[in-house]
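# Summary of the model geometry
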Amino acid sequence: MVFICCAFYAEAKPVIDFYGLKKNHYASKFDIYEGENIILIITGMGTVITSAAVSHLLTRYSAQKTDITLNIGIAGAVNPDYRKGEAVLCNKVVNIFSERCFYPDILVKHPFKEGTLLTYPRPVRGKEKVFYKGDLVDMEGAGFFEAASSFLYVHNIQLIKVVYDFLDDLSINKEEIYGIIRDNLQDIDYYIKALVEANEIIKNPLSYEDEEILKKIAQNLKLTFTMEI
């Protein structure tokens, strides 16, 4: 199963449309949209509510460690090398309030730039960006990652942020957000499929021939069951 977390509806709408997700009208705590193998939740803004939403989602659907979850949304860019509308895969997440750092494992090839995400407890204006070293700024990423890491393998927890501004304007244009996320969904879908494929390999990394060879080795060495495993 693939779980997708977005902070607000404007971020979620292009994902809902792309995958044809349908709203679960029985969900009351958070808005949840479901597809065949994809479930999306709108978490709300901020680390605390995001952590609660992620925990609720993964508990409600009995998530397995090999399931995948992604945080998809917009972010402000500190790095001037980025361009508006560009998707960035986060390889480090910093909770500015607690100063804790998290490191998503990126194991498969992808079409994105990579960068460090700084999660603030409030909206950030440009003048504050000089105090911390990073590439992007948001309000949810650290809460998402810390909560999800209690349920899933770290390599299955990914954050993709689309550059919306450069910390110079706090206004939000919903149509513009829809457009820049929609324009990156082909690449995001490619990455999701690559993650799913990688997890299938991890679930069953050995061929039949490999397993037969290992059984013969275990028999020849007269290993106990535990040693064989």
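Up top is the structure.
Residues numbered from 1 in each chain as written. Predicted model: local features only at pLDDT ≥ 70, side-chain atom pairs only at ≥ 80, totals over all residues. Heavy atoms only, no water.

### Considering the overall build of the chain
Convention followed: What counts as a helix is a DSSP run of H or I of at least four residues, what counts as a strand is a run of E of at least two, and both are numbered from the N terminus. Categorising residues by exposure relies on relative accessible area from a 1.4 Å probe, with only protein chains included: less than 20% of the type maximum marks a residue as buried, more than 50% marks it as exposed, and the intermediate range marks it as partly exposed. Any two residues whose heavy atoms approach within 4.5 Å at even a single point are treated as in contact. Here the open area of atoms and residues is found with the Shrake-Rupley method and a 1.4 Å probe, where only the protein chains shown may cover a residue. All tallies of charge rest on Lys and Arg as positive and Asp and Glu as negative; His and the ends of each chain are not included. Every charge is mapped to an atom, namely NZ of Lys, CZ of Arg, CG of Asp or CD of Glu.
Tallying secondary structure elements over the chain gives seven helices and 10 strands in all. Across its three principal axes, the chain shows a C-alpha extent of roughly 70 × 40 × 30 Å. When the 229 residues of the chain are sorted by exposure, 48% land in the buried category. Relative to all contacts within the chain whose residues are 6 or more apart in sequence, the contacts with residues 24 or more apart total 70%. With the model as given, the accessible surface of the chain reaches about 12,300 Å², and the carbon-plus-sulfur share is 53%. The chain carries 25 positive and 31 negative side-chain charges, and their two centres are separated by 3 Å.

### So, the environment of glutamate 140
Within the secondary structure, glutamate 140 sits in the loop between strand 9 (136-138) and helix 3 (141-148). C-alpha of glutamate 140 to C-alpha of threonine 119: the two residues are 21 residues apart in sequence and 6.3 Å apart in space. Leaving out residues up to four positions away in the same chain, glutamate 140 has contacts with Ala7, Gly44, Met45, Gly46, Thr50, Thr119 and Lys161.

### A closer look at the side chain of asparagine 156
Here is the rule: Polar contacts, as used here, are pairs of N or O atoms within 3.5 Å; protein pairs need one atom able to donate a hydrogen and one able to accept it. Residues neighboring in sequence count only if both atoms are side-chain atoms.
As for its placement among the helices and strands, asparagine 156 is situated in the loop between helix 3 and strand 10 (157-165). Only 3.5 Å separates the side chain of asparagine 156 from the side chain of histidine 155, close enough to count as a polar contact. The residues touching asparagine 156, leaving out its near neighbours within four places in the chain, are Lys65, Thr66, Asp67, Ile68, Thr69 and Asn199.

### With respect to helix 6 (residues 208-220)
Test applied: Helix span, expected: 1.5 Å multiplied by one less than the number of residues in the helix.
Along its 13 residues, helix 6 runs 19 Å from first to last C-alpha, staying within 8% of the 18 Å computed at 1.5 Å per residue. Within two residues after helix 6, lysine 222 carries a phi angle of roughly 55°, on the positive side.

### Some words on the side chain of aspartate 135
Threshold: Any carboxyl oxygen of Asp or Glu that lies within 4 Å of a side-chain nitrogen of Lys or Arg is treated as forming a salt bridge with it.
Topologically, aspartate 135 is positioned in the loop between strand 8 (113-119) and strand 9. Within the buried set, aspartate 135 has no salt-bridge partner at all; the shortest N-O distance to an opposite charge, 8.6 Å, is to lysine 133.

### Some thoughts on a nonpolar patch on the surface
Where we set the bar: Distance thresholds for patches are 9 Å for like charges and 5 Å for nonpolar side chains (Val, Leu, Ile, Met, Phe, Trp, Tyr), applied to residues having over 30% relative accessible area and no salt bridge.
A surface patch of nonpolar side chains, about 380 Å² in accessible area, is lined by Ile213, Leu214, Ile217 and Leu221. Topologically, isoleucine 213 is positioned in helix 6.

### Digging into the pairing of strand 10
Consecutive residues of a regular strand have side chains that alternate between opposite faces of the sheet. What counts here: The criterion for strand pairing is that DSSP finds at least two bridges linking the strands in question.
Taking burial as the measure, the nine residues of strand 10 include nine buried ones, the bulk of the element. Across eight bridges, strand 5 (residues 68-77) lies against strand 10 in parallel orientation. Across the sheet, the residue bridging to isoleucine 74 is valine 162, located in strand 10. For strand 6 (residues 87-95) and strand 10, the ladder comprises three bridges, and the chain directions are antiparallel.

### Topic: the packing of helix 1 (residues 9-19) against helix 4 (residues 174-182)
To keep things clear, this is the line we draw: All axes here are fitted lines through C-alpha atoms, helices being fitted over the stretch that makes contact, and every angle between N-to-C directions spans 0 to 180 degrees. With respect to orientation, any angle under 35 degrees is reported as roughly parallel, any angle over 145 as roughly antiparallel, any angle of 65 to 115 as roughly perpendicular, and every other angle as oblique. Here a crossing is taken to be left-handed if its near helix is turned anticlockwise relative to the far helix by less than a right angle, and right-handed if that turn runs clockwise. When residues are grouped by polarity, Ala, Val, Leu, Ile, Met, Phe, Trp, Tyr, Cys and Pro land in nonpolar, Asp, Glu, Lys and Arg in charged, and all others, Gly among them, in polar.
The N-to-C vectors of helix 1 and helix 4 enclose an angle of 45°; their axes lie 8 Å apart at closest approach. One finds that helix 1 runs oblique with respect to helix 4. Helix 1 and helix 4 meet at a crossing whose hand is right-handed. Note on element contacts: helix 4 touches helix 1 through Lys174, Ile177, Tyr178, Ile181 and Arg182, opposite Ala10, Glu11, Lys13, Pro14, Val15 and Asp17. When its residues are assigned to classes, the contact of helix 1 with helix 4 shows six nonpolar, no polar and five charged.

### Quick look at the packing of aromatic side chains
How we decide: Only Phe, Tyr and Trp rings take part, Trp by its six-membered ring, and two of them pair if their centres are within 6.5 Å. Stacked means planes under 30 degrees apart, edge-to-face means over 60, and tilted covers everything else.
For the structure on display, the rule yields four aromatic pairs. Consider the rings of phenylalanine 102 and phenylalanine 145, whose centres lie 5.6 Å apart with planes at 40°: the pair is tilted. Of this pair, phenylalanine 102 sits in strand 7 (residues 100-102) while phenylalanine 145 sits in helix 3, placing them 43 residues apart in sequence. Each of the two residues, phenylalanine 102 as well as phenylalanine 145, counts as buried. Seen in terms of ring centroids, phenylalanine 112 and tyrosine 191 are 5.9 Å apart; in terms of plane orientation they differ by 90°. Their pairing is edge-to-face. Placement of phenylalanine 112 in the loop between strand 7 and strand 8 and of tyrosine 191 in helix 5 (residues 185-203) is noted, with a sequence separation of 79 residues between them.

### Observations concerning the packing of helix 2 (residues 47-60) against helix 3
Helix-helix packing is characterised by the crossing angle of the two axes and by the distance between the axes. Here helix 2 crosses helix 3 at 35°, and the two axes come no closer than 8 Å. Crossing of helix 2 against helix 3: the hand is right-handed. Facing helix 2, whose interface residues are Thr47, Thr50, Ser51, Val54, Ser55 and Leu58, helix 3 presents Gly143, Phe144, Ala147 and Ala148. Tallied by class, residues from the contact of helix 2 with helix 3 come to five nonpolar, five polar and no charged.

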